[in-house]
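# Overview (structure and organization)
Here is how the chains run, residue by residue.
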Amino acid sequence: MKELAEHILDIANNSVRAKATLIEISIVEDLENDLYTLEIKDNGSGIQQEMIEKVCDPFYTSRTTRKVGLGLPLLKMNAEQAEGQFSITSEVGAGTSIKAAFKHKNVDRPAIGDIASILAMLSATDPKIDVVYIHTNQSNDYIFDTREIKKELEDIPLTNPEVMRFIKEMVTENLESINYTK
């Protein structure tokens, strides 16, 4: 995975499999401290403490459809290559939080990628799942929250192609308005 958007999609899919109803994604660009931090939290089933170390092993997966699980190990490797850190905290029955920090100016920091498409896709995944995305840089914030969109649209599903296109365009425009780092 070369872009953060791909990591976000992979981790969010894990959250969906863990029966999360809320997935919170945040990116903080802290230029003053040369940090670029990604955090993904969910309220899913959580991970048992003895399994937390195993989930960063590329030869371990809880899925039965394949023998390796590369998502979290690759994110951890990307963070460490960019002079950053990686952590997982989880509580069974309460959810999981994954945090990857990168040196902002490090040449090995992955680009964000097509986050707008990923958010549109995640929004349409399941009507029972809410997605919140917060992007912060310098003194600007952009907050995307499917709960607000669902409230405005009332009976129009987020799976509607026009709604998905609108979400993608809205996210793109708002991120550009805060001058996010691509």
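Here the residue numbers are simple positions, counted from 1 along each chain's written sequence. Two thresholds apply to this predicted model, a pLDDT of at least 70 for residue-level local features and 80 or more for giving and counting side-chain atom pairs, whereas whole-chain, interface and lining totals are computed over all residues. To get the side-chain values, take all heavy atoms of the structure and skip hydrogens and water.

Before going further, it helps to examine the packing of helix α1 (residues 4–17) against helix α3 (residues 71–81). Orientation of α1 relative to α3, taken along the N-to-C sense of each, is 145°, at an axis distance of 10 Å. For the element pair α1 and α3, the recorded crossing hand is left-handed. Between α1 and α3, the residues in contact are L4, H7, D10 and I11 and G71, L72, L74, L75 and N78, respectively. Here the nonpolar group is Ala, Val, Leu, Ile, Met, Phe, Trp, Tyr, Cys and Pro; Asp, Glu, Lys and Arg are the charged ones; every other residue, Gly included, is treated as polar. Looking at the contact of α1 with α3 residue by residue, the class counts come to five nonpolar, three polar and one charged. Helix axes are fitted only over the stretch in contact, all axes being lines through C-alpha atoms; the angle between N-to-C directions runs from 0 to 180 degrees. Secondary structure is summarised from DSSP: a helix means a run of H or I of at least four residues, a strand means a run of E of at least two, and numbering begins at the N terminus for each. Handedness of a helix crossing follows the sense of rotation of the near helix relative to the far helix, less than a right angle counterclockwise being left-handed and clockwise being right-handed. Note on contacts: a residue pair qualifies if any of its non-hydrogen atoms lie within 4.5 Å across the two residues.

Within the secondary structure, D130 sits in strand β5 (residues 130–137). Each residue is placed in one exposure class: buried if its accessible area under a 1.4 Å probe, protein chains only, is under 20% of its type's maximum, exposed if it is over 50%, and partly exposed if it falls in between. With relative accessibility at 17%, the residue D130 sits in the buried group. Polar contacts, as counted here, are pairs of nitrogen or oxygen atoms within 3.5 Å of one another; within protein the pair requires one atom able to donate a hydrogen and one able to accept it, and residues that are adjacent in sequence qualify only if both atoms are side-chain atoms. Reaching out from D130, the side chain makes a polar contact with the side chain of T146 at a distance of 3.3 Å. Setting aside chain neighbours within four positions, we find D130 in contact with T21, L22, I23, T146, R147 and K150.

Time to look at the confidence of the model for the protein chain. As a per-residue quantity, pLDDT reports the predictor's confidence and falls between 0 and 100. Here the protein chain averages 91 in pLDDT, and 93% of its residues register 70 or above. Of all secondary-structure elements in the protein chain, the lowest mean pLDDT belongs to helix α2 (residues 49–52), at 86, while strand β2 (residues 35–42) reaches the highest, 98.

This part covers the pattern of salt bridges. By convention in these notes, a salt bridge is any Lys or Arg side-chain nitrogen within 4 Å of a carboxyl oxygen on Asp or Glu. Considering all chains together, one arrives at three salt bridges under this definition. Between R147 and D145 there is a salt bridge, and its shortest N-O distance comes to 2.9 Å. Among the residues examined, D145 registers a relative accessible area of 10% and is labelled buried.

Here, strands pair whenever DSSP counts at least two bridges between them. Strand order in the open sheet made by the six strands is β3-β4-β2-β1-β5-β6, with mixed pairing throughout. The open sheet has two edge strands, β3 (85–91) and β6 (140–145), and neither has a second partner. Going from strand to strand, the sheet's axes swing by 10° on average, the running direction of each strand aside. Of the pairings in the sheet, the one linking strand β1 (residues 22–30) to β5 comprises eight bridges and is parallel in character. Its bridge partner being in β5, I27 is matched across the sheet by H135. Packed on one face of the sheet, helix α4 (residues 115–123) meets β1, β5 and β6 and runs near 160° to β5.

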